[in-house]
Amino acid sequence: MRAEIQGIVAEIEKSLVLLAQRMDRETAPHRLEEFNARVEDPTLWDNPENAQALMRERQSLVDAMESYDTIATELSDNIELIELGEMEEDTDVIREAEEALKSLKKKAAEKELEALLDGEADANDTFLEINSGAGGTESCDWASMLARMYVRWAEKKGYKVELQAESAGEEAGIKSATYKISGHNAYGWLKSESGVHRLVRISPFDSAAKRHTSFTSVGVYPVVDDNIEIEVNPADIRIDTYRSSGAGGQHVNTTDSAVRITHAPTGIVVTSSEKSQHQNRDIAMKALKSRLYQMELDRRNAAVNEMHENKGDAGWGNQIRSYVLQPYQMVKDLRTNYETSDTKGVLDGDLDGLMAATLALDVAGKSRSEAQGES
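Residues numbered from 1 in each chain as written. Predicted model: local features only at pLDDT ≥ 70, side-chain atom pairs only at ≥ 80, totals over all residues. Heavy atoms only, no water.

K.L.:
Describe the pairing of strand E9 (residues 319-324), and please don't skip the residues or the numbers.
P.N.:
For E9, the buried fraction is high: 6 of the 6 residues fall into the buried class. Where strand E4 (residues 195-202) and E9 come together, 5 bridges link them in parallel fashion. Across the sheet, valine 200 pairs through a bridge with valine 324, a residue of E9. Counting the residues between successive antiparallel strands, the hairpin from E9 to strand E10 (residues 330-333) contains 5 residues. (Buried < 20%, exposed > 50% of the residue type's maximum accessible area, 1.4 Å probe, protein only. Helix = DSSP H or I, 4+ residues; strand = E, 2+ residues; numbered from the N terminus. Pairing = 2+ DSSP bridges.)

Structure follows, in structure tokens:
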């Protein structure tokens, strides 16, 4: 077997090891039996929400087991074909099996990545907040570029994207925007994007064509399921109504219907600027509960999550990722050192490679400083 193919086989085997670990393969059959027994309980659907959660959990386990078995079988079969082809000196059989292994490597890598999304809220929908930082008009334009990037990424995933609130920049771009992104594992994918994003480019707003550095912060918070209770003391919040400052179009308000909720104990501020004030109160309260839930997740998973390192003012020293458009082309994640020269692809929503590297880092339990120290 050629060295290249031996390397591919080794990569697939590594993926299988991770898949087995993530689903706890030794106990998986027993857990599936337990799920099947509970599914047959005639009282299961007395509580539809719990029943649906149980069915989702069962299906997730079934999918994991089937993925592992399929990859393991295909790997074994193609290795046997190569060995048979070598014995009989049949180059056509060898070539077909090698091509099958190359495709299997890609499939195994995708399943490995999906297996990393098994956190408590990873499967949930998510809120995505974008806020311009240091850099004035440049930063507002950068914020709008990031918003476009994430919308493009979400659309490629087949997710539903809803603009919840937006504040336009004075000259260009946006000061802030909040989106709700709905789809399986939306939060799990996007959680790695929380932090400050730095852009270096020749400014289109500078007549001298000088290079500028801009900063924008991104916050990602899981949408709280109805069966997760987050208590908010009415005495701890202040609700203000105001007129939207958006640029117009379908999101403009003609009455003071936009809602801002301030949570005094934490200082969290959330807004919503749809047309209905009642709808805005509901959206804003859900966003507040999501932020509070995220804080609780961070406390529980401090060893894995790097939120405490990623937060801070949107300026020098706090960035998680740099996007350099001049004098060269490079996007580099400062936590994982993953980099790519395909800046256009990234800004058009090709983010899976960057996200995958951070997900793998989180699973390894390494901090940003530890990861940088290994490079």
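K.L.:
Pulling in residues and values, what's your account of the nonpolar core?
P.N.:
Core analysis: the biggest nonpolar cluster contains 81 residues, and Ile12, Leu101, Tyr150 and Tyr323 have the highest contact counts within it. Here this core takes 10 residues from helix H3 (residues 48-88), the largest share from any one element. If we skip the residues at most four places from it in the chain, isoleucine 12 touches Ile71, Leu75, Leu101, Leu104, Lys105 and Ala108. (Core = buried A, V, L, I, M, F, W, Y, C linked by side-chain atoms within 4.5 Å. Contact = heavy atoms within 4.5 Å.)

K.L.:
Explain the sheet that holds strand E5 (residues 211-222) to me, and be specific about the residues and the numbers.
P.N.:
Reading across from one edge, E2-E3-E1-E5-E4-E9-E10-E11 is the order of the 8 strands in this open sheet, with mixed pairing throughout. The sheet is open, and its two borders are formed by strand E2 (160-168) and strand E11 (339-340), each paired with just one other strand. Across 7 bridges, strand E1 (residues 126-132) lies against E5 in antiparallel orientation. Note on E5: the bridge partner recorded for leucine 128 is valine 220.

K.L.:
Let's hear about the packing of aromatic side chains: which residues, and what values?
P.N.:
Tallying each qualifying case throughout the model produces 3 aromatic pairs. With a centroid separation of 4.9 Å and an interplanar angle of 70 degrees, the aromatic rings of tryptophan 142 and tyrosine 323 are classed as edge-to-face. Taken together, the residues tryptophan 142 in helix H5 (residues 137-157) and tyrosine 323 in strand E9 connect sequence positions 181 residues apart. Of the residues examined, tryptophan 142 reaches a relative accessible area of 0% and is grouped as buried. Put simply, the rings of Trp153, Tyr159 and Trp189 pair up and form one aromatic cluster. Of note, lysine 157 hangs over the ring of tryptophan 189, and the distance from its end group to the ring centre comes to 3.8 Å. (Phe/Tyr/Trp six-rings, centres within 6.5 Å; stacked < 30°, edge-to-face > 60°. Lys NZ or Arg CZ within 6 Å of the ring centre and 35° of its normal.)

K.L.:
Explain the packing of helix H1 (residues 3-23) against helix H4 (residues 91-115) residue by residue, including any values.
P.N.:
Two elements in contact, H1 and H4, have axes separated by 9 Å at closest approach and are oriented at 30 degrees. With respect to their mutual orientation, H1 and H4 come out roughly parallel. Here H1 and H4 pass one another in a crossing that is left-handed. Here Glu4, Ile5, Ile8, Val9, Glu11, Ile12, Ser15, Leu18, Leu19 and Arg22 of H1 come into contact with H4, specifically with Glu98, Leu101, Lys102, Leu104, Lys105, Ala108, Ala109, Lys111, Glu112 and Ala115. Taken together, the residues that form the contact of H1 with H4 break down as 11 nonpolar, 1 polar and 8 charged. (Axes fitted to C-alpha atoms, helices over the stretch in contact; angles between N-to-C directions. Parallel < 35°, antiparallel > 145°, perpendicular 65-115°, else oblique. Left-handed = near helix turned anticlockwise from the far one by under 90°. Nonpolar A, V, L, I, M, F, W, Y, C, P; charged D, E, K, R; others polar.)

K.L.:
An account of unusual backbone geometry is requested, with residue identities and associated values reported.
P.N.:
Among all residues except glycine, the phi angle is most often negative; among peptide bonds, the trans geometry is most common. Here glutamine 326 and proline 327 are connected by a cis peptide whose omega angle stands at 5 degrees. Tracing the backbone shows proline 327 in the loop between E9 and E10. Its identity is not glycine, yet asparagine 185 carries a phi of approximately 70 degrees, on the positive side. Within the secondary structure layout, asparagine 185 lies in the loop between strand E3 (174-182) and helix H6 (186-190). Classification of asparagine 185 as buried rests on a relative accessible area of 9%.

K.L.:
Describe the confidence of the model for the chain, and please don't skip the residues or the numbers.
P.N.:
Taken as a whole, the chain shows an average pLDDT of 84; of its residues, 85% reach a score of 70 or greater. Between residues 303-312, whose pLDDT stays under 50, and residues either more than four places distant or in other chains, the model counts 30 contacts. (pLDDT = per-residue confidence, 0-100.)

K.L.:
So what's going on with the side chain of asparagine 78? Which residues, and what values?
P.N.:
Within the secondary structure, asparagine 78 is located in helix H3. A relative accessible area of 10% places asparagine 78 in the buried class. Within polar-contact distance, the side chain of asparagine 78 engages the backbone oxygen of glutamate 74 at 2.8 Å. Other than its neighbours up to four places away in sequence, asparagine 78 contacts Ala97, Ala100 and Leu101. (Polar contact = N/O pair within 3.5 Å; in protein donor to acceptor, adjacent residues only side chain to side chain.)

K.L.:
Quick rundown of the sheet that holds strand E8 (residues 268-272)? Include the residues and the values.
P.N.:
Overall, antiparallel pairing links the 3 strands, which are arranged E6-E7-E8 in an open sheet. This sheet does not close on itself; its edge strands, each paired only once, are strand E6 (237-242) and E8. Strand after strand, the sheet turns through a mean of 15 degrees between neighbouring axes, direction not considered. The sheet contact formed by E6 and strand E7 (residues 258-263) spans 6 bridges and is antiparallel. For isoleucine 239, the partnering residue across the bridge sits in E7 and is isoleucine 261.

K.L.:
Account for the pattern of salt bridges, with residues named and values stated.
P.N.:
Under the defined criterion, the tally for this structure stands at 22 salt bridges. Between lysine 102 and glutamate 4 there is a salt bridge; the shortest N-O distance is 3.8 Å. Highlighted residues: lysine 102 in helix H4 and glutamate 4 in helix H1, separated in sequence by 98 residues. Among the ionic pairs, aspartate 348 bridges to arginine 152, the shortest N-O distance being 3.5 Å. With aspartate 348 in the loop between helix H9 (343-347) and helix H10 (352-364) and arginine 152 in helix H5, the pair connects residues that are 196 residues apart, well separated along the chain. Among the residues examined, aspartate 348 registers a relative accessible area of 16% and is labelled buried. By relative accessible area, which is 33% here, arginine 152 ends up partly exposed. Overlapping salt bridges bring together Arg2, Glu4, Glu98, Glu99 and Lys102 as one network. (Salt bridge = Lys/Arg side-chain N within 4 Å of Asp/Glu carboxyl O.)

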